[in-house]
Amino acid sequence: MKAPQFAYRAPRSIKEAVTALAESEGMGKILAGGQSLVPTMNFRLARPDMLIDINRISELDFARPENGKLRIGALTRHAAFERPFFEGPLARLLADVVQHIAHVPIRTRGTFTGSLAHADPASEWCLVACTLDAEMVAHSLEGERIIPAAEYFVTTLTTALTENELLVEARLPLLDDSWKHGFCEFNRRAGDFALSMSLVALKIENGRIAEARIGIGGVEDKPVRAPDAEAYLIGKTGEAADRVEAARLASEGIQPMDDMHAPADYRRDLTRAMVRRALERALAR
Amino acid sequence: MKWVGQPIPRLRDPVLLKGKGRFTADIAVGAMAIRFVRSPVARGTICGIEIPEGAVVFTAADITDIKPLRPILHGRNYVPTDQPILANKRVTYVGEPVAAVIAATQSEAEDIAEQVMLDIDVLDPAIDVDEALKPDAPRVHDQAPGNVLVETSLKTPGFDAVWAKAAQVVEVDIRSRRQNAMPMETRNAHAVFDHSTGRVTLYTSVQNPHPIRTGIADVLGMPETDLRVVAPDVGGGFGQKMALVPEYVFAVWVARKLEASVAWIEDRNENLIASFHSRDQHHTVKAAFDENAKLIALEADLRCNVGAYSNYPITCGVEPLMAMSELPGPYDLREYSVRTRGVTTNTCPMAPYRGVSRPVLTLSMERIMNLAADRFGLDPVEMRRRNLITEFPYKTVTGSLYDAGTYWESLERSAEVLDLKGFRERQKKAREEGRYLGIGFSVFNERSGYGTPTFAARGMEITPGYETVEMAMDPSGYVIARIGASPHGQGLETGLSQIIADELGIEPSRIRIISGDTDATPYGWGTFASRSLVLAGGASKLAAEQMRERLNKIAGHLLQAPPEEIELAGGVARRRGHEGSVEITALARAAHHQSQLFGGGGPGLTTIATYDPAGTFSNACHSAIVEVDIETGHVKIERFLVVEDAGILINPMIVDGQIHGGVVQGIANALFEEIIYDETGNILTGSLMDFIPPTMSEVPTIEIEHLETLTDASITKAKGIGEGGTIGPPAAIINAISDALKPFGVEIFEIPATPPRIRQLIREAAKEKS
Ligand SMILES: Cc1cc2nc3c(=O)[nH]c(=O)nc-3n(C[C@H](O)[C@H](O)[C@H](O)COP(=O)(O)OP(=O)(O)OC[C@H]3O[C@@H](n4cnc5c(N)ncnc54)[C@H](O)[C@@H]3O)c2cc1C
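Anyway, here's the lowdown on the structure attached to this text. What you are looking at is a predicted structure, and each value in this text was computed from that prediction instead of being measured.

Basis of the calculations
- Residues numbered from 1 in each chain as written.
- Chains lettered and ligands numbered in written order.
- Predicted model: local features only at pLDDT ≥ 70, side-chain atom pairs only at ≥ 80, totals over all residues.
- Heavy atoms only, no water.
- Helix = DSSP H or I, 4+ residues; strand = E, 2+ residues; numbered from the N terminus.
- Contact = heavy atoms within 4.5 Å.
- Areas by Shrake-Rupley, 256 points an atom, 1.4 Å probe, with all protein chains shown as cover.
- Lys, Arg positive; Asp, Glu negative; His and termini not counted.
- Charge placed at Lys NZ, Arg CZ, Asp CG, Glu CD.
- Near = heavy atom within 4 Å.
- Polar contact = N/O pair within 3.5 Å; in protein donor to acceptor, adjacent residues only side chain to side chain.
- Nonpolar A, V, L, I, M, F, W, Y, C, P; charged D, E, K, R; others polar.
- Pairing = 2+ DSSP bridges.
- Axes fitted to C-alpha atoms, helices over the stretch in contact; angles between N-to-C directions.
- Phe/Tyr/Trp six-rings, centres within 6.5 Å; stacked < 30°, edge-to-face > 60°.
- Buried < 20%, exposed > 50% of the residue type's maximum accessible area, 1.4 Å probe, protein only.
- Lys NZ or Arg CZ within 6 Å of the ring centre and 35° of its normal.

This part takes up the overall build of chain B. Tallying secondary structure elements over chain B gives 21 helices and 29 strands in all. C-alpha extents for chain B along the principal axes are approximately 90 × 75 × 50 Å. Residue pairs at least 24 apart in sequence account for 80% of intrachain contacts in chain B once pairs closer than 6 positions are excluded. Accessible surface, chain B as shown: approximately 27400 Å² in total, 51% of it carbon and sulfur. Of the charged side chains in chain B, 76 are positive and 99 negative, and the gap between their average positions amounts to 3 Å.

Residues and elements named next belong to chain A. The full set close to the ligand counts 29 residues, and Ile30, Gly34, Leu37, Thr111 and Glu124 are the nearest of them. Between the ligand and Gly34, the relevant distance is 2.7 Å, taken from an oxygen atom to a main-chain nitrogen or oxygen of the residue. When the free accessible area of the ligand is taken as 960 Å², the share hidden by the protein chains comes to 89%. Among the elements that take part in the shell around the ligand, helix α5 (residues 112-118) stands out by supplying four residues, more than any other. In terms of residue class, the shell around the ligand is made up of 13 nonpolar, 13 polar and three charged.

In this section: the sheet that holds strand β12 (residues 196-205) of chain A. Strand pairing in a sheet is mediated by backbone hydrogen bonds. Such pairs are either parallel or antiparallel. Residues and elements named next belong to chain A. If you walk across this open sheet you meet the four strands as β11-β12-β13-β14, and the pairing is antiparallel. On the outer flanks of this sheet lie β11 (179-186) and β14 (224-225), each paired with one strand and no other. One ladder, built from eight bridges, connects β11 with β12; its direction is antiparallel. Looking at the pairing, Cys184 lines up with Ser198 of β12. In this fold helix α10 (residues 264-284) packs onto β11, β12 and β13 (208-217), with an angle of close to 150° to the strand it touches most, β11.

Residue and element names in this part refer to chain B. Applying the stated criterion to the full structure yields 22 aromatic pairs over all chains. Between Phe36 and Phe250, the aromatic rings sit 5.7 Å apart at their centres with planes inclined by 70°, giving edge-to-face as the arrangement. Highlighted residues: Phe36 in strand β1 (residues 32-38) and Phe250 in helix α7 (residues 246-258), separated in sequence by 214 residues. Each member of the pair, Phe36 together with Phe250, is buried. Both rings, one in Tyr402 and one in Tyr407, keep their centres 6.1 Å apart while their planes meet at 75°; by these two values the pair is edge-to-face. Exposure class is identical for Tyr402 and Tyr407. Each is buried. Directly above the ring of Tyr450 sits Arg447, whose terminal nitrogen or CZ lies 5.6 Å from the centroid.

Here we take up unusual backbone geometry. For the peptide bond that leads from B:Tyr312 to B:Pro313, omega is 0°, which places it in the cis range. Residue B:Pro393 is bonded to the preceding B:Phe392 through a cis peptide linkage, with omega at -5°. Locating B:Pro393 in the fold gives a position in the loop between α11 (380-385) and β16 (394-395). Residue A:Leu157 is not a glycine yet carries a positive backbone phi of 55°.

Without other data, these values stay purely geometric and don't point to any function.
Below you can see the structure in the form of structure tokens.
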């Protein structure tokens with residue numbers, strides 16, 4: 001379990017990093033927190049010729065609300081979200097979700113954008129990005145490109161990023177106080193990747209649901225939304241029967257993966273429970 | 001003050017906790033790396049092995065001077081297997097070593113290993129235990145046509161007549177999936193050739209250095225004396241490190257061949273796929289009860305998947321034979337009809353794992369007791385009360401002799417602690433709220449501390465059992481005890497020191513225990529089978545008694561008193577009822593430096609003793625209260641209680657620690673860990689992403705109560721507790737889950753009871769209802 005040989009670069013700027021990426025001709029890999037990449041290299045499942053370590057690029061080290069968006073730079077670690085560092089529902093949502101990502105040591109190294117770039121189907125941050133329609137900001141020698149979440153996630157471990165692009169930032173919409181969220185995931189052990197999870201964000205106006213976002217992760221090859229359930233909830237109060245029906249709609253709209261840890265029909269059962277519970281939590285807030 | 005019974009902290013903990021322990025990989029720094037190229041297929045014919053140019057790679061063709069491993073069992077229709085050190089002409093399981101790369105570093109060795117090309121003609125494998133028993137199944141070994149390596153049966157003469165009188169017959173079909181013992185430290189072998197003597201020292205993380213040395217010397221055809229086997233700090237073994245494996249043999253061979261220092265440090269992936277597995281069993285058991293709910297006869301068909309080869313020296317008889325002889329456990333039974341088989345398959349070999357068969361057989365018996373209780377409309381406690389053995393000594397239907405125990409008392413106490421009546425009310429209320437709570441009990445006994453008489457009855461060619469202790473007091477009055485047992489994290493040194501300290505009237509801090517080095521310790525069998533405190537403890541007590549007699553004699557001489565009237569305590573020798581004393585350190589000095597004064601017995605202070613008893617049975621009741629989430633199949637263990645009886649506790653803190661660790665492994669067995677093969681024999685659970693031991697978050701507080709039966713079967717009156725922790729949890733937890741799911745009519749018969757499995761049963765039950 002030792003990685004094959006590789007070259008190592010530690011650029012100091014975005015410019016240097018994307019230059020190195022271009023020079024490596026597709027054989028280079030960005031090293032962020034290393035919490036997914038390094039194990040894969042030790043298993044010899046990934047064999048980059050060159051590692052481009054972005055940890056010394058200080059211009060990537062930021063996280064702040066700005067113009068209605070939360071801007072998350074590529075060196076923002078998972079742990080940064082454990083205590084809300086700005087006002088509003090989004091900060092609470094992120095603080096809630098981050099508890100479920102791996103374990104303390106991994107959260108102190110792993111990065112938000114690293115999770116988005118890695119694109120594990122059960123990544124909590126990918127689910128957040130999908131549910132809240134994040135924007136991904138990528139840089140290459142050709143310049144900047146902004147990719148909406150709906151176009152960003154392609155399939156397991158595959159995104160719209162090209163091999164020459166560095167993900168420099170992710171942007172999440174700041175939610176106003178009319179939004180409530182609920183999150184629920186199921187895994188075998190604390191810190192494991194979820195077998196199913198759901199993130200719900202509801203905009204409540206006059207006691208009724210004005211807008212609903214329901215995301216599901218760990219179930220298909222990428223995070224997905226539950227459009228039927230979202231539409232169904234509009235105008236509802238979100239009482240028990242509404243939640244049950246929305247969960248049913250959500251669980252029937254998915255094509256779950258089937259693997260030894262969770263057969264497809266089991267994932268569907270789980271999803272029904274996760275969506276319902278996430279709705280309960282949102283509405284209990 | 002007596003040291004025995006004190007919960008003193010373990011003597012080695014400060015070293016281990018500060019990271020100052022010395023494990024094999026610490027010692028092996030700088031050695032050349034060995035990397036094994038392992039078979040990627042379960043069964044096939046090797047057509048060719050292509051080796052990169054210039055690389056140092058060995059294959060079967062290079063090691064024709066090494067004999068295969070051939071463990072032997074007498075009788076029991078045992079079919080021996082020859083396990084090659086490197087696969088020869090054929091491969092028999094995924095992970096089998098086929099070639100060995102030697103390189104300067106681990107990563108270079110891995111680079112080369114990737115370039116070794118194996119050309120293998122793939123054949124259909126036998127993987128599943130029941131599939132392998134079918135007449136048209138692929139044959140794993142030519143000499144074993146039905147894939148059975150060991151088989152035996154027994155039927156008591158009165159069985160048929162009694163069976164015919166049954167008022168109720170309860171049947172269970174229990175499937176236990178495969179587990180890996182998963183010691184924290186993986187296996188390893190660091191062999192160092194000594195140019196000045198021609199000897200080899202093998203540092204290796206094992207539980208039994210002496211038998212390992214015997215086995216290696218035998219297959220290499222070398223004098224045992226020329227091999228020193230050292231087990232330094234060992235990070236857990238659980239049985240996985242008591243069998244000889246090809247990797248150790250090869251390491252010694254290649255160190256001699258190259259006259260070099262080499263090391264194989266197993267990685268976790270190798271450990272999960274290619275070290276030993278266990279618990280892959282299928283039990284079909286029928287129990288007949290009379291109208292009073294008393295068990296009158298038991299019929300069992302037991303199949304154990306023993307993998308591709310029999311393990312040395314214990315053999316693959318270990319699981320099937322244990323399953324057969326211990327199935328009735330703590331229950332009174334007079335009529336028994338049983339057939340047990342060890343089935344060979346193209347999977348990783350089986351070796352003993354903490355608890356050996358008893359977690360599974362206890363699950364079988366305890367599921368039967370619960371189902372029978374329902375059948376008779378009895379409470380599970382009352383059902384067991386009618387069947388547990390209460391009179392001792394008790395001779396079992398398979399010929400074992402149970403010394404006194406507290407089978408019923410442990411259950412009675414458990415029901416009291418968990419407030420069974422109160423729980424039933426709580427359970428009822430919870431159900432009304434859509435929450436599903438359940439309670440489960442599991443009563444068992446544990447054969448422990450057994451010597452050669454018990455092992456000999458199993459027909460093993462290499463019959464383990466006795467333990468020897470060599471003791472010396474040096475001129476400064478410190479004691480060294482060299483033991484054949486080989487502790488690996490249990491804290492045995494501490495317990496032995498307490499026993500010796502009491503005999504000699506000195507503090508444990510004056511005692512050093514030497515273990516795990518064949519150059520420094522007497523021949524012994526190592527640490528396994530809940531034996532070391534009973535056996536090495538008994539031998540330590542005997543050796544210390546002799547030492548005390550010698551000291552009394554010297555003290556008698558110096559104090560001018562009859563030796564029988566001398567008492568050793570608090571570091572001094574006194575004549576009972578008299579003034580005046582002499583320091584034990586002075587006695588030690590005199591024994592060495594004034595030996596001319598004392599005549600007889602010779603100079604110095606050395607003693608030696610061996611202990612070889614028939615064994616003693618400890619017992620326990622484990623119980624669990626669980627809550628099942630019916631939507632996800634998740635099981636939360638709300639309480640886990642152990643009421644156990646290990647006789648006198650030499651060190652109660654160590655006993656509790658052993659129980660904690662064992663229970664966690666038992667919980668793993670019940671709910672989490674499973675090695676999964678696909679039908680081609682490929683392992684799908686080759687990392688800790690997929691093979692999932694529980695973590696602190698999944699393990700509840702473990703409550704423990706002790707009962708204390710004084711036994712004559714152990715001279716320290718201590719019984720073994722090393723394995724018990726693992727034995728009870730599957731049955732307790734599975735009974736609790738089944739109790740929780742009563743409203744759905746769901747009964748669980750398979751472990752681990754994973755959330756998808758539980759959920760599927762609930763779904764099927766709901767379908768049947770509607
Ligand atoms: C035991 C364990 C449990 C875990 N559990 C979870 C869990 O429950 N949920 C979860 O979401 N994750 C989990 N993870 C993964 C963890 O969150 C990782 O930190 C995360 O997936 C990747 O972030 P990283 O910064 O470590 O990226 P790295 O490992 O450094 O990189 C991952 C991949 O993304 C690429 N990459 C990284 N940053 C960029 C960038 N800025 N631009 C372009 N490409 C980039 C890399 O080249 C690489 O291919 C777990 C990891 C471990 C080891």
